[in-house]
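One letter stands for each residue in the lines below.
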Amino acid sequence: MPLYNASITVTEFVIGGFDKTKRPMLVGVVILITYVLAVLANMVNILFIIYDRKLHKPMYVLICNLAVVDILYMTSASPTMIGILVGGVNTISYVPCFIQMFAFHLGGVMEMFSLSVMAFDRLVAISYPFQYHSFLTNARTLVLAYFLWILACCFVAVLPASLVPLPHCSSTLKYTFCDYAAIMRTTCVDPTYYFGMVTIILFFLLFFTFCFICLSYLGIIYFVKLSSSSDKKKIGTTCLSHLIVVACYYCPIFVSSVLTRLGVTLTLEARHGLMIGTILGPSLVNPFVYCLRTK
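Residue positions are given per chain, counting from 1 as you read along its sequence in written order. Totals for whole chains, interfaces and linings use all residues, but because this is a predicted model, local features are given only for residues with pLDDT of at least 70 and pairs of side-chain atoms are given and counted only at 80 or more. Side-chain metrics in this entry use all non-hydrogen atoms of the structure; hydrogen atoms and water are not considered.

## Thoughts on the sheet that holds strand β2 (residues 91-93)
Argument step 1. In this description, strands pair whenever DSSP reports at least two bridges between them. Note on conventions: DSSP H or I runs of at least 4 residues are helices, E runs of at least 2 residues are strands, and numbering of each starts at the N terminus. Pairing is mixed in the open sheet, where three strands are placed in the order β2-β1-β3. Both edges of this open sheet fall to β2 and β3 (172-173), since each of them pairs with a single strand only.
Argument step 2. By definition in these notes, contact holds between two residues if any of their heavy atoms fall within 4.5 Å. Every angle, taken between N-to-C directions, lies between 0 and 180 degrees, and every axis is a line fitted to C-alpha atoms, over only the stretch in contact when it is a helix. Of the strands in this sheet, β1 (12-15), β2 and β3 are in contact with helix α3 (residues 94-127), which crosses β2 at around 90°.

Here it is in structure tokens:
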């Protein structure tokens, strides 16, 4: 039951997720370097694709969209973590905290959607190579990308909508930045129902997108068996980059979100490490993998 009589007015949150971190300056510098490298690499990829008209094709439009998603995903959380570890600024105002939460979860959902539509793009390209450019034009790809952004916003809008009306009994976030779980644990209500709701949404998105990617690759494998040796090598090279990116994103997600629901207990430090790895790892790997593909 809500304890409204114990509620407080929160104007800013104190982020306490790094309180027990050893050598915070070193950790902050590592995150800073990784963040800067990842942003620069993604920006270079975007600029190359925009500048070179030969790359104005559906696949590269999707690569460009993924780079935008990566920049949003990193920037939603990394500057806050860097500010805490390097600058010692461990407070964030109420509204910016909610904006950060929305941007972070939007980036996570869009990462799933982007990887799924890129798998579909590879399936169409390999299954119908001669009709590919009539099926997937640049205009249709852009419309699809816009639709996915709107759909992702609709899913993520549930999070602040469920949090805003709730009273707060604490202003200290136990995690390293503003995400849904961190803010929910500052409220005066029993979080079981809300975490259950978010788990259902996450389960649906995670397994739907992952199964969609797996089914796409089953279709690709089927057509690979019918291809010549030279075509198999070309298809393998085309798909390898996408598979690396998928593995980098989904592996930490499965560990942190799925295994914990099956009874595997993670320490707070391990959870923070997985979360930071999930944010920075794929965003750093993606541009370098696709930069080779772009070349």
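## Notes on the UniProt feature "transmembrane region" (unreviewed entry) in the protein
Argument step 1. Under the present numbering, the feature "transmembrane region" (unreviewed entry) in UniProt falls on residues 25-48, 60-86, 98-120, 141-163, 193-223, 235-260 and 272-292.
Argument step 2. The annotated region residues 60-86 carries 100% helix and 0% strand content, and the separation between its end C-alpha atoms amounts to 36 Å.
Argument step 3. Annotation note: span residues 141-163, helix share 96%, strand share 0%, distance between end C-alpha atoms 34 Å. UniProt positions are given in the numbering used here, feature names are shortened, and annotations may be inferred rather than shown by experiment.

## What about unusual backbone geometry?
A negative phi holds for most residues other than glycine; trans holds for most peptide bonds.
Argument step 1. Located in the positive-phi region is R23, a residue other than glycine, with phi close to 50°.
Argument step 2. When you line up the elements, R23 lands in the loop between β1 and α1 (24-51).

## Observations concerning the pattern of salt bridges
Argument step 1. Criterion for a salt bridge: a side-chain nitrogen of Lys or Arg within 4 Å of a carboxyl oxygen of Asp or Glu. Going through the model one piece at a time under the given rule, you end up with one salt bridge.
Argument step 2. Linking R122 and D121 is a salt bridge whose minimum nitrogen-to-oxygen distance equals 2.7 Å. Each member of the pair R122 and D121 is classed as buried. Only protein chains enter the accessibility calculation, which uses a 1.4 Å probe; a residue is then buried when its area is under 20% of its type maximum, exposed when over 50%, and partly exposed in between.

## Points about the state of the cysteines
Argument step 1. To count as a disulfide, a pair of cysteine sulfur atoms needs to be within 2.5 Å. Counted by the stated rule, this structure contains two disulfides.
Argument step 2. Between the sulfur atoms of C97 and its disulfide mate C178 the distance is 2.0 Å. Disulfide C97 to C178: torsion about the S-S bond roughly -115°, handedness left-handed. Here the residue C97 occupies a position in helix α3, and C178 occupies one in the loop between β3 and α7 (180-184), the gap between them amounting to 81 residues. Take C97 and C178: they sit in the same class, and that class is buried.
Argument step 3. The partner cysteine of C169 in its disulfide is C188, sulfur to sulfur 1.9 Å. The sign of the 115° torsion about the S-S bond sets the C169-C188 disulfide as right-handed. Here the residue C169 occupies a position in the loop between α6 (158-163) and β3, and C188 occupies one in the loop between α7 and α8 (192-225), the gap between them amounting to 19 residues.
Argument step 4. What makes C169 partly exposed here is its relative accessible area of 31%.
Argument step 5. Along the protein, the cysteines engaged in disulfide bonds are linked according to the scheme 1-3, 2-4 when indexed in sequence order.
Argument step 6. You can see C214 has no disulfide; the closest cysteine sulfur is in C211, sitting 6.1 Å from it.
Argument step 7. Judged by its relative accessible area of 35%, C214 is partly exposed.

## Regarding helix α2 (residues 58-87)
Argument step 1. One less than the number of residues in a helix, times 1.5 Å, gives the span that helix is expected to have. Over its 30 residues, α2 runs 42 Å from end to end, which matches the ideal 44 Å to within 8%, given 1.5 Å per residue.
Argument step 2. Buried residues dominate α2, accounting for 23 of its 30 residues.
Argument step 3. At the C-terminal side of α2, G88 shows a positive phi close to 75°.

## A closer look at the nonpolar core
Argument step 1. Nonpolar cores were defined as sets of buried Ala, Val, Leu, Ile, Met, Phe, Trp, Tyr and Cys residues, with membership established by side-chain atoms within 4.5 Å. If you look at the biggest cluster of nonpolar residues, it comprises 85 residues, and the most contacted ones within it are Y180, I183, Y250 and I279.
Argument step 2. Here this core takes 17 residues from α3, the largest share from any one element.
Argument step 3. Dropping the residues within four chain positions of it, Y180 is found in contact with M101, H105, L159, S162, L163, Y194, F195, M197 and V198.

## Notes on the packing of aromatic side chains
Argument step 1. Centres within 6.5 Å are what make two rings of Phe, Tyr or Trp a pair, Trp counting through its six-membered ring; a difference in plane orientation under 30 degrees is then read as stacked, over 60 as edge-to-face, and the rest as tilted. Summed over all chains, the structure comprises 16 aromatic pairs.
Argument step 2. With 5.8 Å between their ring centres and 20° between their planes, F13 and Y94 make a pair best called stacked. Note that F13 is positioned in strand β1 and Y94 in helix α3, a separation of 81 residues in sequence.
Argument step 3. Note on F13: relative accessible area 0%, which makes it buried.
Argument step 4. Here F104 and F177 contribute two aromatic rings whose centre-to-centre distance is 4.8 Å and whose plane-to-plane angle is 70°, an arrangement assigned as edge-to-face. On the criterion of sequence distance, the pair formed by F104 in helix α3 and F177 in the loop between β3 and α7 is long-range, its members being 73 residues apart. Both residues of the pair, F104 and F177, belong to the buried class.

## Structural notes on the confidence of the model for the protein
Argument step 1. Confidence along the protein averages 85 in pLDDT terms, with 88% of residues attaining 70 or more.
Argument step 2. When pLDDT is averaged over each element of the protein, helix α5 (residues 138-156) comes out on top at 94 and helix α9 (residues 229-259) at the bottom at 73. As a per-residue measure, pLDDT tells how confident the predictor is, with possible values from 0 to 100.

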